[in-house]
Amino acid sequence: MQNQPMFTYDPAMTDMIFEYCRERLAMDPVALDFGGVVPDLEEALEGLLSDNGTDPAVVLDRFATHLATAVVSVDSPRFLAFIPAAPTKASLLFDMVVSASSLNGTSWLEAAGAIAAENQVLSFLARAAGLPEGAGGCFVSGGSMGNLSALVVARDRARRRNPELAGKRLRFLVSEEAHSSVASAFRIIDVDAVLVPTEDHRLTASNVAAVLEADDDPSSIVAIVATAGTTNAGIVDDLEGIGEIARRTGRWFHVDAAYGGAAMLSSSRSHLFAGLASVDSFIVDPHKWLFAPFDCAALLYREPAEARASHTQNASYLDVIHDAPDEWNPTDYAIHLTRRARGLAMWFSLCVNGIAAYRTAIDAGISMAEEAARLIEAHPAVELVRPPGLSVVLFRRPGWAEGDYASWSTRLLNDQIGFVTPTRWEGEMVARFAFLHPETDAEIVTEILDTMR
Ligand SMILES: Cc1ncc(COP(=O)(O)O)c(C=O)c1O
């Protein structure tokens, strides 16, 4: 047999990579990075890709020095833009195990052990949401993929159940505050949005009832999509009220809890999520506020058989994975076939840290948002836009024009003080903090606010 070096264990390269990972894991705090001058990335990549390979020490050094530093560290406690991340050390370590073992989680036939562990986490999330025994799903790459996969099932069930709608366009009721991925999913699955006005940015049962009553053709509205934790402001829709309407009228009820869903485990906000018990499907992203590494979203269905009817891929070479009807094949629950066993990182971390540690870490984000609101109210330079619902805080700097927010945001990053990006609220440009890293503290927030004087 010919020697194939690239498949042969290389102790030196292994040590080098493990040492890099060790150093990255030990960083405390994680540096924000990517401030100041954007490096010449073409130059950094120059010469690395060649016919005969480059010394791994050279490639790793180029990565560590020029490329990794040209990425803002989402897991820095100073990263407060968009939706940050704060993967636990245990989840990061176990993600290395998933990679080193090439763990897939496609079918029970291939990967029962990995899937059983992933399903333990999914069951935990389903129970926390109040879903009945039998609920299930799979982990997908992110909230966008989760929303899309769930809404495909909603559309297909409506077509199956309502033959009288054949030839008609289907419509899905949704609030104007829904995440951009929902609009994108509607486009892909070719359904129309019925946009419901909200009360103070929150979708309520009365908003939904009013729109349904006033509609000329309500039977073509086959699904309702609510949000549990809007991205812009952390607002949780009236899940209980909306869910009751969906159940009573036979419409599919999907909840996008990609960001906010973690707060169902919190000590102070869990009541807002009681309505999750009535969903047909929901998503919550462990790579957001459940402290898992990218990329990981949990997708759950009340009746998984509905999802199988949409997502099972049929081919003669796949028959073998469907021979035993009781076996759980994650591939059957979303738009994917081969998939990384990405739920295992959270599984390991949840097992070793315990559920209570998760509750405490989620509570920390909510408390930090409350404290930031107090700091903003007490600060002479800024104003609170609204009290935070979950862990997002909106605030303004009176007297600033739009360009001032943009240049301040750039300066903050350049100075490595924070990554905070502006957003728009009721037409006005404002600043936005998203908290979820348990190590973000009042000192960091005050330091950032002081730059707005
Ligand atoms: C409410 C909500 N839904 C969906 C998404 C999309 O998730 P992803 O970026 O993982 O695709 C996000 C992302 O921030 C979100 O906040």
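Below you will find a few notes about this structure. (Residues numbered from 1 in each chain as written. Predicted model: local features only at pLDDT ≥ 70, side-chain atom pairs only at ≥ 80, totals over all residues.)

1. Notes on the sheet that holds strand β10 (residues 422-425)
Okay, step 1: Strand order in the open sheet formed by 4 strands is β8-β9-β11-β10, and the pairing between neighbours is antiparallel. The open sheet is flanked by β8 (383-384) and β10, the only strands paired with a single partner.
Okay, step 2: Across 4 bridges, strand β9 (residues 392-396) lies against strand β11 (residues 428-434) in antiparallel orientation. Considered in β11, the bridge of Val392 is made with Ala434.
Okay, step 3: Packed onto the sheet, helix α13 (residues 355-378) meets β8, β9 and β11 and runs at close to 10 degrees relative to β9. (Pairing = 2+ DSSP bridges. Helix = DSSP H or I, 4+ residues; strand = E, 2+ residues; numbered from the N terminus. Contact = placed C-beta atoms within 7 Å. Axes fitted to C-alpha atoms, helices over the stretch in contact; angles between N-to-C directions.)

2. Describing the sheet that holds strand β5 (residues 252-256)
Okay, step 1: The strand order across the open sheet built from 7 strands is β1-β7-β6-β5-β4-β2-β3, with neighbouring strands paired in mixed fashion. A single partner strand is all that each edge strand has here, and the edge strands are β1 (136-140) and β3 (192-196). When strand polarity is set aside, the average angle formed by the axes of neighbouring strands in this sheet is 20 degrees.
Okay, step 2: Both strand β6 (residues 281-284) and strand β7 (residues 297-301) contribute to a ladder of 4 bridges, which runs antiparallel. Across the sheet, the residue bridging to Phe282 is Leu300, located in β7.

3. Focus on the nonpolar core
Nonpolar side chains tend toward joint burial in soluble globular proteins.
Okay, step 1: Counting residues in each nonpolar core, the largest one holds 122 residues, and the members touching the most others are Leu299 and Leu300.
Okay, step 2: Broken down by element, the residue count for this core peaks at 9 residues, all from α13.
Okay, step 3: Two domains share this core, each providing at least three of its residues, namely domain 2 (97-353) and domain 3 (355-450).
Okay, step 4: Not counting chain neighbours up to four residues away, the residues in contact with Leu300 comprise Leu122, Leu125, Ala126, Leu131, Ala135, Gly136, Gly137, Ser281 and Phe282. (Core = buried A, V, L, I, M, F, W, Y, C linked by C-beta atoms within 7 Å. Buried ≥ 20, exposed ≤ 12 C-beta atoms within 10 Å, placed from the backbone. Domains from an automatic or database assignment.)

4. Regarding helix α4 (residues 89-100)
Okay, step 1: Taking 1.5 Å of rise per residue, 12 residues should cover 16 Å, and α4 covers 17 Å from first to last C-alpha, within 8% of that figure.
Okay, step 2: Contacts from the buried residues of α4 go to α12 (344-353).
Okay, step 3: One or two residues past the end of α4 sits Ser102, with phi positive at roughly 50 degrees. (Expected span 1.5 Å × (residues − 1).)

5. Section: unusual backbone geometry
Okay, step 1: Here the residue pair Asp28 and Pro29 is connected by a cis peptide bond, since its omega of 0 degrees sits within 30 degrees of zero.
Okay, step 2: Positionally, Pro29 belongs in the loop between α1 (11-26) and α2 (41-45).
Okay, step 3: The omega torsion across Phe294 and Asp295 is 0 degrees, close enough to zero to call that bond cis.
Okay, step 4: Structurally, Asp295 can be placed in the loop between α10 (286-289) and β7.
Okay, step 5: Backbone geometry places Phe34, a non-glycine residue, at a positive phi of 55 degrees.
Okay, step 6: Tracing the chain through its elements places Phe34 in the loop between α1 and α2.

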